[in-house]
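Examination of the molecular architecture
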Amino acid sequence: MKSYLKNILALGAVSVLFSCQSEMEPVGPAVDFEPKVLVAKVDDNVKADDEPSRTSLAEGRMVRWSSSDRIVAFEDENPTLSDENTAVTDNGAIASFTFSQKPLETNFFWALYPADMTATYDLAGIHTAGIPVEQRAVAGSFANNANLAVADASVDDDVQFKNIGALLSLSFTSTKKISSIILKTTEETLAGSVLIEPETLDFVVDEGSGEVTLTKVNATSGTYYFVVYPGTYEGIDEDITTVGVKATIIANEDVTEDEAYTIVSTIFENVDAITE
């Protein structure tokens, strides 16, 4: 099974190009050295097989940056954190990440989103907390700080982030307000800490989980996205619509919504007993 983002995903139609804007003012505290600035630009002229990158979904399922986004970069084995209040323009198509906390005398080796100050870099690759097992639900999009991505910044300030994570969409309608949604598998690793080989995007999950929870949904309907490691559905490389369980219950029109809800909720609340 392939481990890079082309394996994907609900977002195969988004690409990013990054360029340095020399006239952009650094964001952050006054310093006595020239802060490093990385400028990210989303390209709207996308192709079906282009690679997506990063953060939230805009209208038309384009990926956009937000001012709360931060990244870390590795000049050595320890990460350097970008400043708060990332400068975002053009409706999120351009984000400028400024590093003014300390002088960076050499070009970075790698940059990582989301910002993980516990991450380290060595000859094996980047060790990071990876994709979280709990992701706060965002209607029509996915959780902030969930879509893991890396960029090569060893040559200059022009970088291209590439996704490690995949996006899995879920749409639902319910007569009851849903507080959380759990995606669970016994055969695949969905989230957890990971070692990334950034040149190839190969990765090895150190401490993985087969379960991801979208928290704080609090809705009766909507479309939401899980961020998971790719390969959950082997061989699928385009959008599909599928059922959420491996069984279907058929009832006639005389069954009320409350009766249907009672039947389905009873099954899911007693899954362990049923499968014994």
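Scoring rules and cut-offs
- By convention here, each chain's residues receive numbers from 1 onward along its written sequence.
- The predicted nature of this model means local features are confined to residues of pLDDT at least 70 and side-chain atom pairs, given and counted, to a pLDDT of 80 or more, with totals for whole chains, interfaces and linings taken over all residues.
- Calculation of side-chain values draws on the structure's entire complement of heavy atoms; hydrogens and water are dropped beforehand.
- The helix count covers DSSP runs of H or I at least four residues long, the strand count covers runs of E at least two residues long, and both are numbered beginning at the N terminus.
- Only protein chains enter the accessibility calculation, which uses a 1.4 Å probe; a residue is then buried when its area is under 20% of its type maximum, exposed when over 50%, and partly exposed in between.
- Definition of a polar contact: a pair of N or O atoms within 3.5 Å, with one able to donate and the other able to accept a hydrogen when the atoms are protein atoms, and with sequence-neighbouring residues admitted only if both atoms are side-chain atoms.
- Contact between two residues is taken to exist if any of their heavy atoms lie within 4.5 Å; hydrogens are not considered.
- Per-residue confidence from the prediction method is given by pLDDT, with values spanning 0 to 100.
- Strand pairing is assigned whenever DSSP identifies at least 2 bridges connecting the two strands.
- Here the axes come from fitting lines to C-alpha atoms, over the contacting stretch only for helices, and the angles between their N-to-C directions go from 0 to 180 degrees.
- Two rings from Phe, Tyr or Trp (for Trp, the six-membered ring) form a pair when their centres sit within 6.5 Å of each other. Planes less than 30 degrees apart are called stacked, planes more than 60 degrees apart edge-to-face, and all others tilted.
- Only when the NZ of Lys or the CZ of Arg is both within 6 Å of the ring centre and within 35 degrees of the ring normal is a charge said to sit over the ring.
- Put simply, buried Ala, Val, Leu, Ile, Met, Phe, Trp, Tyr and Cys residues joined by side-chain atoms within 4.5 Å make one nonpolar core.

What about the side chain of Thr128?
- Secondary-structure assignment places Thr128 in strand E11 (residues 125–131).
- Thr128 sits in the buried class, given a relative accessible area of 8%.
- Reaching out from Thr128, the side chain makes a polar contact with the side chain of Asp116 at a distance of 2.7 Å.
- Setting aside residues no more than four positions away along its own chain, Thr128 makes contact with Leu112, Asp116, Ala119, Leu148, Ser193, Val194 and Ile196.

Some points on the confidence of the model for the protein chain
- Summing up the model confidence of the protein chain, the mean pLDDT is 74 and the portion of residues at 70 or higher is 69%.
- Across the protein chain, strand E12 (residues 134–136) holds the top mean pLDDT of 95, while strand E1 (residues 15–18) sits lowest at 27.
- Here residues 1–31 scores under 50 on pLDDT; set against residues more than four positions off or in separate chains, the count is 104 contacts.
- Low confidence marks residues 43–52, where pLDDT is under 50. Its contacts with residues over four positions away, or in another chain, come to 33 contacts.

Notes on the sheet that holds strand E9 (residues 110–113)
- One open sheet holds the 5 strands; their spatial order is E6-E5-E9-E13-E14, and the pairing between them is antiparallel. At either margin of the open sheet sits one strand with a lone partner, and together these are strand E6 (79–81) and strand E14 (161–163). Neighbour-to-neighbour, the strand axes of the sheet open up by a mean angle of 30°, direction not taken into account.
- By the bridge criterion, 3 bridges tie strand E5 (residues 72–74) to E9 in an arrangement that is antiparallel. Counterpart to Val72 in the pairing with E9 is Leu112.

Brief notes about the packing of aromatic side chains
- Enumeration over the complete set of coordinates arrives at 5 aromatic pairs.
- Ring plane angle 20° and centroid distance 5.9 Å describe the contact between Phe172 and Tyr224, whose orientation is recorded as stacked. Taken together, the positions of Phe172 in strand E15 (residues 166–178) and Tyr224 in strand E20 (residues 219–228) put the pair 52 residues apart, joining distant regions of the chain.
- Aromatic ring contacts, followed pair by pair, group Trp65, Phe97 and Tyr113 into a single cluster.
- Across the ring face of Tyr261, the terminal group of Lys176 is positioned such that the distance to the ring centre comes to 5.4 Å.

Observations regarding the environment of Ser100
- By the element assignment, Ser100 lies in the loop between strand E8 (94–99) and E9.
- For the pair formed by Ser100 and Val37, sequence separation is 63 residues and the distance between their alpha carbons is 8.8 Å.
- Within the structure, Ser100 has its side chain in polar contact with the side chain of Asp83 (distance 2.5 Å).

Points about the sheet that holds strand E10 (residues 120–122)
- An order of E10-E11-E17-E18 is seen for the 4 strands of this open sheet, with the pairing classed as antiparallel. Two strands in the sheet have a free side with no partner beyond their single neighbour: E10 and strand E18 (202–209). Across the sheet, the axes of successive neighbouring strands diverge by a mean angle of 25°, strand direction being ignored.
- With 3 bridges joining them, E10 and E11 adopt antiparallel strand pairing. Bridge pairing in E11 links Thr120 to His127.

A closer look at the pairing of strand E13 (residues 149–152)
- Looking at chain direction, E9 and E13 are connected through 4 bridges and run antiparallel. From the neighbouring strand, Tyr113 faces E13, where its bridge partner is Ala149.

Description of the nonpolar core
- Ranked by size, the top nonpolar core spans 38 residues in total, and within it Leu112, Leu148, Ile164 and Val217 carry the most contacts.
- Mapped onto this core, the elements with two or more residues apiece are E5, E9, E11, E15, strand E16 (181–184), strand E17 (191–197), strand E19 (211–215) and E20.
- Ignoring anything within four residues of it in the chain, the contact list for Leu112 reads Ile71, Val72, Phe74, Ala119, Ile126, Thr128, Leu148, Ala149, Val150 and Phe161.
- In terms of nonpolar packing, the next biggest core, distinct from the first, is built from 15 residues, Ala73, Ala111, Ala153 and Phe161 among them.

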